[in-house]
Amino acid sequence: MPDLNFPLIVIAAIVVLYILNSIKILKEYERAVVFRLGHVRHDASGPGVIFVFRPIDQIVRVSLRQEAMEVPSQDIITRDNVTLKVNAVITMRVVDPVKAVIEVSNYVYQTSQFAQTTLRSVLGEVDLDELLAHRDRLNQRIQTIIDGHTAPFGLKVVSVEVKQVDMPENMLRAMAKQAEAEREKRAKIIAAEGEQLSATKLGEAADIIAAHPIALQLRNLQVLSDIAVEKNSTIVFPAQFMDSVAGLKSFMSHEK
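Residues numbered from 1 in each chain as written. Predicted model: local features only at pLDDT ≥ 70, side-chain atom pairs only at ≥ 80, totals over all residues. Heavy atoms only, no water.

### Comments concerning the overall build of the protein chain
Point 1. The secondary structure content of the protein chain amounts to eight helices and eight strands.
Point 2. Split into buried and exposed, the 256 residues of the protein chain put 25% on the buried side.
Point 3. Excluding contacts between residues fewer than 6 apart, the proportion of contacts in the protein chain whose partners are at least 24 apart in sequence is 65%.
Point 4. Working note: accessible area of the protein chain is about 17,700 Å², and carbon and sulfur atoms make up 58% of it. (Helix = DSSP H or I, 4+ residues; strand = E, 2+ residues; numbered from the N terminus. Buried < 20%, exposed > 50% of the residue type's maximum accessible area, 1.4 Å probe, protein only. Contact = heavy atoms within 4.5 Å. Areas by Shrake-Rupley, 256 points an atom, 1.4 Å probe, with all protein chains shown as cover.)

### Notes on the pairing of strand β1 (residues 23–26)
Point 1. Burial of the side chains of β1 is restricted to one face: K24 and L26 are buried, whereas none of I23 and I25 on the reverse face is.
Point 2. Relative to strand β4 (residues 48–51), β1 runs antiparallel, the two being bridged by four bridges. What sits directly across from K24, in β4, is I50. (Pairing = 2+ DSSP bridges.)

### Comments concerning the pattern of salt bridges
Point 1. Using the criterion set out here, one finds eleven salt bridges in the structure.
Point 2. A salt bridge links R186 to E182; the nearest nitrogen and oxygen atoms lie 3.9 Å apart. Placement of the pair is R186 and E182 together in helix α6 (residues 169–211), with a separation of four residues, close to one helical turn.
Point 3. For E182, a relative accessible area of 35% puts it in the partly exposed group.
Point 4. Between K201 and E204 there is a salt bridge; the shortest N-O distance is 4.0 Å. With K201 and E204 both in helix α6, this residue pair falls three residues apart, about one helical turn.
Point 5. Residue class for E204 comes out partly exposed when judged on its relative accessible area of 40%.
Point 6. Each member of the salt-bridge network shares a partner with another, and the members are E182, K185 and R186. (Salt bridge = Lys/Arg side-chain N within 4 Å of Asp/Glu carboxyl O.)

### Thoughts on the sheet that holds strand β7 (residues 83–94)
Point 1. Taken together, the three strands give an open sheet; going across it, the order is β6-β7-β8, and neighbouring strands pair in antiparallel fashion. Here the strands that pair on one side only, and so sit at the sheet edges, are β6 (67–77) and β8 (155–166). The sheet shows a mean angle of 25° between the axes of neighbouring strands, taken without regard to direction.
Point 2. One ladder, built from nine bridges, connects β6 with β7; its direction is antiparallel. In the strand pairing of β7, E67 is matched with M92.
Point 3. Packed on one face of the sheet, helix α3 (residues 107–123) meets β6, β7 and β8 and runs near 35° to β6.
Point 4. Most of the contacts of helix α5 (residues 135–150) go to β8, to which it runs at about 140°, and overall it touches β7 and β8. (Axes fitted to C-alpha atoms, helices over the stretch in contact; angles between N-to-C directions.)

### Things to note about the packing of aromatic side chains
Point 1. Considering all chains together, one arrives at two aromatic pairs under this definition.
Point 2. Residues F51 and F53 carry aromatic rings whose centres are separated by 6.1 Å and whose planes lie at 5° to one another, so their mutual orientation is stacked.
Point 3. Site record: aromatic cluster; members linked through ring pairs are Y18, F51 and F53.
Point 4. Over the aromatic face of Y29 sits the side chain of R65, whose NZ or CZ is 3.8 Å from the ring centroid. (Phe/Tyr/Trp six-rings, centres within 6.5 Å; stacked < 30°, edge-to-face > 60°. Lys NZ or Arg CZ within 6 Å of the ring centre and 35° of its normal.)

### Digging into the environment of V101
Point 1. Its place among the elements puts V101 in helix α2 (residues 97–102).
Point 2. The spatial distance from the C-alpha of V101 to the C-alpha of V62 is 8.2 Å, given a sequence separation of 39 residues.

### As for unusual backbone geometry
Point 1. Omega for the bond connecting G46 with P47 falls within 30 degrees of zero, at -5°, which places this linkage in the cis form.
Point 2. Looking at the element boundaries, P47 is found in the loop between β3 (39–40) and β4.
Point 3. Here R54 and P55 are connected by a cis peptide whose omega angle stands at 0°.
Point 4. By the element assignment, P55 lies in the loop between β4 and β5 (57–63).
Point 5. Here the phi dihedral of L37 falls at roughly 55°; this positive angle occurs in a residue that is not glycine.
Point 6. By the element assignment, L37 lies in the loop between β2 (30–36) and β3.

Written out as structure tokens, the structure is:
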């Protein structure tokens, strides 16, 4: 007689295998959007262990981690008619997994297209100098615009950074000449300020010497002392200076 328990064992094994196959484990950063008979459940499942009873249920895994996406290089004409190639990096993350799955077919591609058009429109409204000097402010403006487009499908743009600005060779040469001229201007201004300060000090010294004639003779003696340190073989004394030295000696002896 056939064993009547064998069909029951087979059925039990199939049920156990089905249940084991229905167990899904989601990592801490993952969420599962579950579709039951084609209808999405209101809340995303996870993390941890969830049950997915196929073919009734279907799941779509969504990562909540931040993702960095590079915006391809865009040809931009600034407000002052300078042609540039500019690319950027966008950091984004999913905040609503259900919207990210059911509202758009590919939220990464959608965000990339928004970023390209926004990058061209925003940077085309500014001058080259503003683009180079106020990049942080432009990054914030681009982020705000893109975030307004992505919020309806559950995506948050964390940051936008203009990565590289490629300029034509003639513009680079013109900027180099401008920078060189600016450095020369600062050098001339600094030299002129030094001359002005030197003239002021010399004028003050002349006033002091005019008030005290003996100070000039002392200064001459100091110069002779400096010359003697140099071990020069010949020293020329002006006759007027020798008379001044004699007068200084007479004055000093008189004081004693």
